[in-house]
Amino acid sequence: MCWSAQADAVVGGAVAGVGVACLVRARRSGPPQRLLLAALPLVPGVHQLIEALV
């Protein structure tokens, strides 16, 4: 997002947290094929966290 490192860290942590919650829920309730789809929010979340470090 390039607003500031703090904003990138907050947004990255929130989106990555949603990704982890999706993975946990998909692992408990669905077939294993859904895990890849549930992991998709982790990609932008990790990207934002890396952006905060840079």
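Residues numbered from 1 in each chain as written. Predicted model: local features only at pLDDT ≥ 70, side-chain atom pairs only at ≥ 80, totals over all residues. Heavy atoms only, no water.

A. Geometry of helix α3 (residues 42–53). An ideal rise of 1.5 Å per residue puts 16 Å on twelve residues; α3 measures up with 17 Å between its terminal C-alpha atoms. Buried within α3 are the following residues: Gly45, Gln48 and Ala52. In a view along the axis of α3, the buried residues occupy a sector of 65°, so they form one face of it. Exposed and facing more than 90 degrees away from the buried side of α3 are Val43 and Leu53. Those residues of α3 that are buried are in contact with α1 (5–29). (Helix = DSSP H or I, 4+ residues; strand = E, 2+ residues; numbered from the N terminus. Expected span 1.5 Å × (residues − 1). Buried < 20%, exposed > 50% of the residue type's maximum accessible area, 1.4 Å probe, protein only. Arc of directions from axis to C-beta. Contact = heavy atoms within 4.5 Å.)

B. Representation of a nonpolar patch on the surface in the model. Residues Leu37, Leu40 and Val43 make up a contiguous nonpolar surface patch of roughly 320 Å² in combined accessible area. As for its placement among the helices and strands, Leu40 is situated in the loop between α2 (34–38) and α3. (Patch = residues over 30% accessible without salt bridge, like charges linked within 9 Å, V, L, I, M, F, W, Y side chains within 5 Å. Areas by Shrake-Rupley, 256 points an atom, 1.4 Å probe, with all protein chains shown as cover. Salt bridge = Lys/Arg side-chain N within 4 Å of Asp/Glu carboxyl O.)

C. Geometry of the environment of Val46. Structurally, Val46 can be placed in helix α3. By relative accessible area, which is 40% here, Val46 ends up partly exposed. Taking the C-alpha atoms as reference points, Val46 and Ala9, separated by 37 residues in sequence, lie 9.6 Å from one another.

D. Looking closely at the environment of Gly17. In this fold, Gly17 is placed in helix α1. The class of Gly17 is partly exposed, set by a relative accessible area of 37%. Sequence-wise, Gly17 and Gly45 are 28 residues apart; in three dimensions their C-alpha atoms are separated by 8.1 Å.

E. Main features of the confidence of the model for the chain. Chain-level pLDDT for the chain is 88 on average; 96% of the residues reach the 70-or-more range. Across the chain, element-level confidence peaks in α1 with a mean pLDDT of 91 and bottoms out in α2 with 89. (pLDDT = per-residue confidence, 0-100.)

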